[in-house]
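An overview of the molecular structure
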Amino acid sequence: MSAPVIQGWCPGALKPMESGDGWVVRIRAQGGRLEGAALGRIAELARVHGNGLIDLSARSNLQIRGVTPETHPALIDGLRALGLIDEDAGREARRNILVTPYWCEGDGTQALAAELATALADGPDLPGKFGFALDTGPVPVLAGASADIRLERGAAGLMLRADGALQGLPVTQDTAVPAMMALARWFVASGGVRDGRGRMAAHLARVELPAEFRTHTVELPEPICEKPGPTAGGVLVGLAFGQIEADTLATLAATVQAVRLTPWRMLLLEGLTAAPDLPGLIHDPTDPMLRVVACTGAPGCPQAQQSTRVLAAGLAPHVPAGQVLHVSGCAKGCAHPRPADWVLTATITGFDLIAGGRAADIPLRRGLDPQALIADPLLLTGRPHAPLL
Ligand code: SF4
(Lines give C-alpha, C1' and ligand atoms only; values in the text may rest on other atoms or scores of the structure.)
Protein backbone atom coordinates (compact mmCIF):
# COMPACT_ATOMS: atom_id res chain seq x y z
CA MET A 1 0.00 0.00 0.00
CA SER A 2 1.09 3.59 -0.49
CA ALA A 3 2.62 5.51 2.37
CA PRO A 4 -0.01 7.24 4.53
CA VAL A 5 -0.14 10.99 4.86
CA ILE A 6 0.77 12.09 8.37
CA GLN A 7 -0.85 15.40 9.16
CA GLY A 8 -3.99 17.08 10.43
CA TRP A 9 -5.89 16.71 13.70
CA CYS A 10 -8.43 14.05 12.90
CA PRO A 11 -6.50 10.85 12.37
CA GLY A 12 -8.00 7.85 10.67
CA ALA A 13 -6.69 4.36 10.14
CA LEU A 14 -5.54 5.02 6.59
CA LYS A 15 -4.43 8.55 7.43
CA PRO A 16 -2.85 8.36 10.88
CA MET A 17 -1.60 11.33 12.84
CA GLU A 18 1.94 11.65 14.12
CA SER A 19 2.19 12.09 17.87
CA GLY A 20 4.99 12.15 20.39
CA ASP A 21 4.72 8.39 20.97
CA GLY A 22 4.33 7.35 17.33
CA TRP A 23 1.38 7.30 14.96
CA VAL A 24 -2.19 7.39 16.24
CA VAL A 25 -4.49 5.09 14.25
CA ARG A 26 -8.18 5.80 14.73
CA ILE A 27 -10.79 3.08 14.35
CA ARG A 28 -14.34 4.14 13.44
CA ALA A 29 -16.52 1.22 14.51
CA GLN A 30 -19.64 0.70 12.41
CA GLY A 31 -22.69 1.80 14.40
CA GLY A 32 -20.51 2.53 17.45
CA ARG A 33 -20.46 -1.14 18.47
CA LEU A 34 -17.82 -3.87 18.56
CA GLU A 35 -18.32 -7.57 19.26
CA GLY A 36 -16.16 -8.96 22.06
CA ALA A 37 -14.15 -11.08 19.61
CA ALA A 38 -13.31 -8.03 17.46
CA LEU A 39 -12.41 -6.04 20.56
CA GLY A 40 -10.04 -8.79 21.65
CA ARG A 41 -8.38 -8.80 18.26
CA ILE A 42 -7.99 -4.99 18.39
CA ALA A 43 -6.28 -5.36 21.77
CA GLU A 44 -3.89 -7.91 20.27
CA LEU A 45 -3.17 -5.68 17.26
CA ALA A 46 -2.49 -2.73 19.57
CA ARG A 47 -0.04 -4.81 21.58
CA VAL A 48 1.80 -6.17 18.55
CA HIS A 49 1.75 -3.16 16.23
CA GLY A 50 1.40 -0.25 18.68
CA ASN A 51 2.64 0.58 22.15
CA GLY A 52 -0.25 -1.22 23.86
CA LEU A 53 -2.23 1.94 24.71
CA ILE A 54 -5.70 2.53 23.30
CA ASP A 55 -7.69 5.75 23.61
CA LEU A 56 -11.45 6.15 23.56
CA SER A 57 -12.02 9.53 21.93
CA ALA A 58 -14.70 12.13 22.63
CA ARG A 59 -16.27 10.99 19.35
CA SER A 60 -16.57 7.37 20.43
CA ASN A 61 -13.64 6.15 18.36
CA LEU A 62 -10.83 3.86 19.49
CA GLN A 63 -7.28 5.05 18.83
CA ILE A 64 -4.31 2.70 18.75
CA ARG A 65 -1.19 4.60 19.83
CA GLY A 66 2.49 4.08 19.19
CA VAL A 67 2.18 2.68 15.66
CA THR A 68 5.25 2.99 13.41
CA PRO A 69 5.70 3.21 9.64
CA GLU A 70 6.93 -0.38 9.76
CA THR A 71 3.98 -1.78 11.75
CA HIS A 72 1.22 0.26 10.11
CA PRO A 73 0.66 -1.98 7.05
CA ALA A 74 0.21 -5.14 9.15
CA LEU A 75 -2.09 -3.27 11.54
CA ILE A 76 -4.26 -2.15 8.64
CA ASP A 77 -4.39 -5.70 7.31
CA GLY A 78 -5.56 -6.90 10.72
CA LEU A 79 -8.20 -4.20 10.99
CA ARG A 80 -9.35 -4.82 7.43
CA ALA A 81 -9.93 -8.47 8.27
CA LEU A 82 -12.30 -7.23 10.98
CA GLY A 83 -14.21 -5.10 8.46
CA LEU A 84 -13.00 -1.87 10.07
CA ILE A 85 -11.18 -0.31 7.11
CA ASP A 86 -12.83 1.86 4.46
CA GLU A 87 -11.99 1.70 0.77
CA ASP A 88 -9.95 4.89 0.91
CA ALA A 89 -8.99 7.69 3.29
CA GLY A 90 -11.61 10.08 1.87
CA ARG A 91 -14.49 7.70 2.61
CA GLU A 92 -13.05 7.01 6.03
CA ALA A 93 -12.83 10.73 6.84
CA ARG A 94 -16.45 11.36 5.80
CA ARG A 95 -17.77 8.46 7.91
CA ASN A 96 -17.75 10.54 11.04
CA ILE A 97 -20.89 9.26 12.73
CA LEU A 98 -21.62 9.36 16.45
CA VAL A 99 -24.30 6.88 17.54
CA THR A 100 -26.22 6.96 20.81
CA PRO A 101 -25.09 4.04 22.97
CA TYR A 102 -28.68 3.69 24.20
CA TRP A 103 -30.15 2.51 20.90
CA CYS A 104 -32.53 -0.44 21.19
CA GLU A 105 -33.26 -3.35 18.90
CA GLY A 106 -35.96 -2.29 16.46
CA ASP A 107 -35.64 1.47 16.97
CA GLY A 108 -34.01 1.91 13.56
CA THR A 109 -30.77 3.46 14.83
CA GLN A 110 -28.41 0.82 13.46
CA ALA A 111 -30.20 0.84 10.10
CA LEU A 112 -29.82 4.62 9.96
CA ALA A 113 -26.11 4.35 10.81
CA ALA A 114 -25.54 1.84 8.00
CA GLU A 115 -27.57 3.90 5.51
CA LEU A 116 -25.74 7.10 6.42
CA ALA A 117 -22.34 5.42 6.12
CA THR A 118 -23.25 4.21 2.63
CA ALA A 119 -24.52 7.64 1.59
CA LEU A 120 -21.40 9.39 2.92
CA ALA A 121 -19.12 7.08 0.92
CA ASP A 122 -20.17 8.96 -2.22
CA GLY A 123 -21.00 12.22 -0.49
CA PRO A 124 -19.28 15.60 -0.65
CA ASP A 125 -15.86 16.14 0.88
CA LEU A 126 -16.37 17.53 4.38
CA PRO A 127 -13.98 19.12 6.89
CA GLY A 128 -12.09 16.65 9.07
CA LYS A 129 -13.96 17.56 12.25
CA PHE A 130 -17.40 17.71 10.59
CA GLY A 131 -19.60 14.98 12.02
CA PHE A 132 -23.08 13.52 12.33
CA ALA A 133 -24.92 12.46 15.51
CA LEU A 134 -27.62 9.78 15.48
CA ASP A 135 -29.24 10.61 18.80
CA THR A 136 -32.18 8.31 18.22
CA GLY A 137 -32.47 6.27 21.41
CA PRO A 138 -35.41 6.69 23.79
CA VAL A 139 -34.27 10.26 24.59
CA PRO A 140 -31.46 12.44 23.17
CA VAL A 141 -28.19 12.09 25.10
CA LEU A 142 -25.58 13.47 22.71
CA ALA A 143 -26.30 17.20 22.99
CA GLY A 144 -22.97 17.76 24.76
CA ALA A 145 -20.99 15.82 22.13
CA SER A 146 -19.45 17.37 19.06
CA ALA A 147 -21.56 17.08 15.89
CA ASP A 148 -22.65 19.30 13.01
CA ILE A 149 -25.76 17.53 11.78
CA ARG A 150 -27.95 15.96 14.42
CA LEU A 151 -30.84 13.54 14.21
CA GLU A 152 -32.74 13.51 17.50
CA ARG A 153 -35.77 11.57 18.67
CA GLY A 154 -38.34 13.68 20.48
CA ALA A 155 -41.92 13.23 21.58
CA ALA A 156 -43.10 13.97 18.04
CA GLY A 157 -40.64 11.64 16.32
CA LEU A 158 -37.35 12.17 14.49
CA MET A 159 -36.06 15.72 14.07
CA LEU A 160 -33.15 16.79 11.86
CA ARG A 161 -31.26 19.73 13.30
CA ALA A 162 -28.25 21.69 12.10
CA ASP A 163 -25.95 22.22 15.08
CA GLY A 164 -26.44 25.76 16.35
CA ALA A 165 -29.96 26.08 14.92
CA LEU A 166 -33.02 26.55 17.12
CA GLN A 167 -35.33 25.04 14.55
CA GLY A 168 -35.30 21.75 12.73
CA LEU A 169 -37.01 19.57 10.16
CA PRO A 170 -39.23 16.61 11.14
CA VAL A 171 -38.20 13.50 9.21
CA THR A 172 -39.03 9.81 9.11
CA GLN A 173 -36.91 6.70 9.10
CA ASP A 174 -37.05 6.80 5.29
CA THR A 175 -36.38 10.51 4.78
CA ALA A 176 -33.81 11.09 7.54
CA VAL A 177 -30.61 10.15 5.71
CA PRO A 178 -31.52 11.89 2.41
CA ALA A 179 -32.32 15.03 4.44
CA MET A 180 -29.03 14.80 6.36
CA MET A 181 -27.12 14.49 3.11
CA ALA A 182 -29.02 17.44 1.62
CA LEU A 183 -28.02 19.53 4.64
CA ALA A 184 -24.38 18.46 4.26
CA ARG A 185 -24.42 19.40 0.58
CA TRP A 186 -25.94 22.81 1.45
CA PHE A 187 -23.14 23.35 3.99
CA VAL A 188 -20.51 22.76 1.30
CA ALA A 189 -22.31 24.71 -1.46
CA SER A 190 -22.91 27.73 0.79
CA GLY A 191 -19.22 28.11 1.65
CA GLY A 192 -19.06 26.24 4.95
CA VAL A 193 -15.68 24.74 4.07
CA ARG A 194 -12.74 27.12 4.35
CA ASP A 195 -9.21 25.84 3.83
CA GLY A 196 -10.51 22.35 4.46
CA ARG A 197 -12.02 23.37 7.83
CA GLY A 198 -15.43 24.49 9.01
CA ARG A 199 -18.19 23.68 11.48
CA MET A 200 -21.94 24.05 11.14
CA ALA A 201 -22.60 26.28 14.17
CA ALA A 202 -19.91 28.77 13.14
CA HIS A 203 -21.26 28.75 9.58
CA LEU A 204 -24.80 29.51 10.76
CA ALA A 205 -23.46 32.57 12.55
CA ARG A 206 -22.59 33.94 9.10
CA VAL A 207 -25.09 32.35 6.72
CA GLU A 208 -28.84 31.85 7.11
CA LEU A 209 -30.02 28.26 7.16
CA PRO A 210 -32.49 27.62 4.28
CA ALA A 211 -36.13 27.58 5.39
CA GLU A 212 -36.55 23.97 4.26
CA PHE A 213 -34.29 22.85 7.16
CA ARG A 214 -36.02 24.92 9.87
CA THR A 215 -39.73 24.30 9.65
CA HIS A 216 -40.30 23.55 13.34
CA THR A 217 -39.01 25.03 16.59
CA VAL A 218 -37.21 22.42 18.66
CA GLU A 219 -36.72 22.02 22.36
CA LEU A 220 -32.95 21.80 22.59
CA PRO A 221 -31.84 18.73 24.57
CA GLU A 222 -29.77 19.45 27.68
CA PRO A 223 -26.22 18.04 27.83
CA ILE A 224 -26.18 15.13 30.25
CA CYS A 225 -23.53 13.83 32.62
CA GLU A 226 -23.39 10.04 32.59
CA LYS A 227 -21.65 8.05 35.32
CA PRO A 228 -20.36 4.48 35.60
CA GLY A 229 -22.93 1.92 36.68
CA PRO A 230 -25.87 -0.13 35.44
CA THR A 231 -27.83 1.45 32.63
CA ALA A 232 -30.18 0.53 29.80
CA GLY A 233 -28.80 -2.49 27.99
CA GLY A 234 -25.76 -3.08 30.18
CA VAL A 235 -23.30 -1.36 32.45
CA LEU A 236 -21.17 1.74 31.89
CA VAL A 237 -17.52 1.56 32.94
CA GLY A 238 -15.17 4.55 32.92
CA LEU A 239 -11.63 4.66 31.54
CA ALA A 240 -9.17 6.87 33.40
CA PHE A 241 -8.32 9.72 30.98
CA GLY A 242 -10.18 7.79 28.30
CA GLN A 243 -7.31 5.32 27.92
CA ILE A 244 -7.03 1.56 28.41
CA GLU A 245 -4.11 -0.84 28.19
CA ALA A 246 -4.26 -3.61 25.62
CA ASP A 247 -4.04 -6.36 28.27
CA THR A 248 -6.98 -4.88 30.16
CA LEU A 249 -8.97 -4.51 26.96
CA ALA A 250 -8.25 -8.13 26.03
CA THR A 251 -9.50 -9.36 29.40
CA LEU A 252 -12.55 -7.13 29.17
CA ALA A 253 -13.27 -8.36 25.64
CA ALA A 254 -13.29 -11.96 26.84
CA THR A 255 -16.03 -11.19 29.39
CA VAL A 256 -18.50 -9.39 27.19
CA GLN A 257 -20.52 -10.18 24.09
CA ALA A 258 -20.22 -6.65 22.73
CA VAL A 259 -19.37 -3.10 23.76
CA ARG A 260 -20.90 0.17 22.68
CA LEU A 261 -18.52 3.10 22.44
CA THR A 262 -19.59 6.34 24.11
CA PRO A 263 -18.31 9.93 23.85
CA TRP A 264 -18.05 10.08 27.66
CA ARG A 265 -14.80 8.11 28.07
CA MET A 266 -16.90 5.15 29.11
CA LEU A 267 -17.69 1.81 27.52
CA LEU A 268 -21.16 0.33 27.69
CA LEU A 269 -20.76 -3.40 28.26
CA GLU A 270 -23.80 -4.99 26.64
CA GLY A 271 -25.87 -7.31 28.77
CA LEU A 272 -23.74 -7.09 31.95
CA THR A 273 -24.97 -5.74 35.28
CA ALA A 274 -21.48 -5.24 36.74
CA ALA A 275 -18.15 -4.53 35.10
CA PRO A 276 -15.13 -6.73 35.83
CA ASP A 277 -12.65 -5.30 38.33
CA LEU A 278 -9.63 -4.55 36.15
CA PRO A 279 -6.83 -1.97 36.45
CA GLY A 280 -7.68 1.44 35.06
CA LEU A 281 -11.44 0.85 34.96
CA ILE A 282 -13.65 3.21 36.94
CA HIS A 283 -16.74 1.63 38.52
CA ASP A 284 -17.64 4.08 41.28
CA PRO A 285 -19.79 7.01 40.09
CA THR A 286 -18.20 9.16 42.82
CA ASP A 287 -14.60 8.33 41.82
CA PRO A 288 -12.58 11.61 41.88
CA MET A 289 -10.94 10.64 38.59
CA LEU A 290 -14.26 11.39 36.92
CA ARG A 291 -13.80 15.05 37.91
CA VAL A 292 -10.56 15.56 35.99
CA VAL A 293 -9.94 15.71 32.27
CA ALA A 294 -6.46 15.77 30.78
CA CYS A 295 -5.17 15.45 27.25
CA THR A 296 -2.21 13.29 26.27
CA GLY A 297 0.23 16.06 27.22
CA ALA A 298 4.01 15.59 27.09
CA PRO A 299 5.66 13.48 25.86
CA GLY A 300 2.79 11.93 23.85
CA CYS A 301 1.82 15.14 22.08
CA PRO A 302 4.48 17.22 20.31
CA GLN A 303 2.56 20.44 21.04
CA ALA A 304 2.50 19.85 24.79
CA GLN A 305 4.43 22.21 27.06
CA GLN A 306 4.21 19.93 30.13
CA SER A 307 2.97 16.49 31.15
CA THR A 308 -0.65 16.60 32.27
CA ARG A 309 -1.98 13.35 33.66
CA VAL A 310 0.18 12.96 36.75
CA LEU A 311 -0.85 16.46 37.81
CA ALA A 312 -4.52 15.81 37.06
CA ALA A 313 -4.51 12.52 39.00
CA GLY A 314 -2.74 14.20 41.92
CA LEU A 315 -5.29 17.00 42.07
CA ALA A 316 -8.37 14.84 41.45
CA PRO A 317 -9.12 14.15 45.16
CA HIS A 318 -9.19 17.92 45.77
CA VAL A 319 -11.75 18.76 43.09
CA PRO A 320 -15.16 19.28 44.73
CA ALA A 321 -17.98 16.94 43.67
CA GLY A 322 -19.88 18.39 40.75
CA GLN A 323 -16.91 20.34 39.41
CA VAL A 324 -14.47 19.59 36.60
CA LEU A 325 -10.75 20.36 36.44
CA HIS A 326 -9.26 20.34 32.96
CA VAL A 327 -5.48 20.02 32.72
CA SER A 328 -4.36 20.88 29.20
CA GLY A 329 -0.93 20.41 27.67
CA CYS A 330 -1.32 23.61 25.67
CA ALA A 331 -3.88 26.31 24.92
CA LYS A 332 -5.57 24.19 22.27
CA GLY A 333 -7.58 22.37 24.94
CA CYS A 334 -8.28 19.21 22.89
CA ALA A 335 -9.53 17.12 25.79
CA HIS A 336 -12.31 19.50 26.83
CA PRO A 337 -13.16 22.17 24.23
CA ARG A 338 -16.03 23.44 26.40
CA PRO A 339 -15.54 25.62 29.49
CA ALA A 340 -14.60 23.80 32.70
CA ASP A 341 -14.90 24.97 36.32
CA TRP A 342 -11.11 25.08 36.53
CA VAL A 343 -8.46 24.82 33.83
CA LEU A 344 -4.72 24.46 34.19
CA THR A 345 -3.08 25.23 30.84
CA ALA A 346 0.56 24.26 30.41
CA THR A 347 3.04 26.87 29.27
CA ILE A 348 6.78 26.78 29.01
CA THR A 349 7.02 28.27 32.53
CA GLY A 350 4.42 26.11 34.33
CA PHE A 351 0.61 26.11 34.42
CA ASP A 352 -1.80 29.01 33.99
CA LEU A 353 -5.00 28.85 36.03
CA ILE A 354 -8.32 29.76 34.41
CA ALA A 355 -11.62 29.82 36.31
CA GLY A 356 -14.80 28.88 34.48
CA GLY A 357 -13.35 28.96 31.01
CA ARG A 358 -11.45 27.27 28.23
CA ALA A 359 -7.77 26.43 27.97
CA ALA A 360 -7.02 29.52 25.87
CA ASP A 361 -8.90 32.01 28.07
CA ILE A 362 -7.23 34.75 30.11
CA PRO A 363 -5.77 33.22 33.29
CA LEU A 364 -6.22 34.30 36.89
CA ARG A 365 -2.70 33.16 37.76
CA ARG A 366 0.33 32.28 35.66
CA GLY A 367 3.36 30.01 35.92
CA LEU A 368 2.16 27.67 38.69
CA ASP A 369 4.62 24.87 39.45
CA PRO A 370 3.10 21.36 38.99
CA GLN A 371 5.03 19.77 41.87
CA ALA A 372 4.05 22.56 44.22
CA LEU A 373 0.41 22.27 43.10
CA ILE A 374 0.24 18.59 44.01
CA ALA A 375 1.94 19.27 47.35
CA ASP A 376 -0.35 22.19 48.11
CA PRO A 377 -3.50 22.42 45.97
CA LEU A 378 -4.45 25.66 47.78
CA LEU A 379 -1.94 27.34 45.51
CA LEU A 380 -4.65 27.16 42.87
CA THR A 381 -6.71 29.76 44.64
CA GLY A 382 -3.96 31.63 46.41
CA ARG A 383 -6.26 31.82 49.42
CA PRO A 384 -4.92 29.62 52.25
CA HIS A 385 -8.30 29.19 53.94
CA ALA A 386 -10.40 28.89 50.84
CA PRO A 387 -12.02 25.56 49.91
CA LEU A 388 -9.69 23.42 47.87
CA LEU A 389 -9.79 24.63 44.28
S1 SF4 B 1 -4.29 20.28 24.06
FE2 SF4 B 1 -2.29 20.67 23.15
S3 SF4 B 1 -0.92 19.30 24.28
FE4 SF4 B 1 -2.99 18.55 24.62
S5 SF4 B 1 -3.34 16.99 23.02
FE6 SF4 B 1 -4.12 18.97 22.23
S7 SF4 B 1 -2.42 19.84 21.07
FE8 SF4 B 1 -1.57 18.24 22.41
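The text that follows walks through the structure, step by step, so that each part is easy to find. Being a predicted model, the structure only gives us computed values, none of them experimental.

With that out of the way, let us pick up the sheet that holds strand β1 (residues 17–19). Pairing between the strands of a sheet comes from backbone hydrogen bonds, and it takes one of two forms, parallel or antiparallel. Read across the sheet, five strands follow the order β1-β2-β5-β4-β14 without closing on themselves; strand pairing throughout is antiparallel. In the strand order of this sheet, the two ends are held by β1 and β14 (243–245), each with one partner. Taking the axes of each pair of neighbouring strands and ignoring which way they run, one obtains an average angle of 30 degrees across the sheet. Of the strand pairs in this sheet, strand β4 (residues 53–56) and β14 are connected by three bridges, and their pairing is antiparallel. Bridge assignment links L53 to a residue of β14, and that residue is E245. On top of the sheet, helix α1 (residues 36–49) reaches β2 (22–27), β4 and β5 (62–67); it is set at about 20 degrees to β5, its chief contact.

Attention now moves to the packing of α1 against helix α7 (residues 246–255). Viewed as axis vectors pointing N to C, α1 and α7 meet at an angle of 165 degrees, and their least axial separation amounts to 8 Å. By the criterion of interaxial angle, the relationship of α1 to α7 is roughly antiparallel. Where α1 crosses over α7, the handedness of that crossing is left-handed. Together, G36, L39, G40, A43, A46 and R47 of α1 and A246, D247, L249, A250 and A253 of α7 make up the contact between the two elements. Looking at the contact of α1 with α7 residue by residue, the class counts come to seven nonpolar, two polar and two charged.

Looking now at the packing of aromatic side chains. Two numbers describe a pair of aromatic rings. These are the distance of the centres and the angle of the planes. Applying the stated criterion across every chain, the model contains three aromatic pairs. Summarising the aromatic geometry, the rings of Y102 and W264 are spaced 5.9 Å apart at their centres and angled 35 degrees between planes, so their arrangement reads as tilted. With Y102 in the loop between β6 (97–99) and α4 (109–121) and W264 in the loop between β15 (258–261) and β16 (266–270), this pair connects stretches of sequence that are 162 residues apart. Neither Y102 nor W264 differs from the other in exposure class; each is buried. On the numbers, 4.6 Å between centres and 45 degrees between planes, the contact of F130 with F187 is tilted. In this pair, F130 sits in the loop between α4 and β7 (132–135) while F187 sits in helix α5 (residues 176–189), placing the two residues 57 residues apart along the sequence. Residue F187 is classed as buried on the basis of its relative accessible area of 0%. Each residue in the set F130, F132 and F187 is aromatic and connected to the rest through ring pairs, giving one cluster. Here R260 stacks its cationic end above the ring of W103, 3.6 Å away from the centre of that ring.

Each value, and the rule that gives it
Numbers given to residues run from 1 along each chain, matching the order in which its sequence is written. For a predicted model such as this one, the threshold for reporting local features is a pLDDT of at least 70, and the threshold for listing and counting side-chain atom pairs is 80 or more; totals across whole chains, interfaces and linings nevertheless cover every residue. With hydrogens and water excluded, all non-hydrogen atoms of the structure serve as input to the side-chain values. Note: two strands are recorded as paired if DSSP finds a minimum of 2 bridges between them. Each helix is a run of H or I in the DSSP string that is no shorter than four residues. Each strand is a run of E no shorter than two, and both are numbered from the N terminus. Axes here mean lines fitted to C-alpha atoms, for a helix over just the part in contact, with angles spanning 0 to 180 degrees between N-to-C directions. Contact between two residues is taken to exist if any of their heavy atoms lie within 4.5 Å; hydrogens are not considered. Note on angle classes: values under 35 degrees are labelled roughly parallel, values over 145 roughly antiparallel, values of 65 to 115 roughly perpendicular, and the remainder oblique. Left-handed describes a crossing in which the near helix is turned anticlockwise from the far one by less than a right angle; the clockwise case is right-handed. Residues are grouped as follows: Ala, Val, Leu, Ile, Met, Phe, Trp, Tyr, Cys and Pro are nonpolar; Asp, Glu, Lys and Arg are charged; every other residue, Gly included, is polar. In this analysis, rings of Phe, Tyr and Trp, with Trp reduced to its six-membered ring, are considered paired at centre separations within 6.5 Å, and the interplanar angle assigns stacked below 30 degrees, edge-to-face beyond 60, and tilted for intermediate values. Burial classes follow relative accessibility: with a 1.4 Å probe on protein chains only, a residue under 20% of its type's maximum area counts as buried, one over 50% as exposed, and anything between as partly exposed. Think of it as a cone above the ring: NZ of Lys or CZ of Arg counts as a charge over the ring if it is within 6 Å of the ring centre and within 35 degrees of the ring normal.

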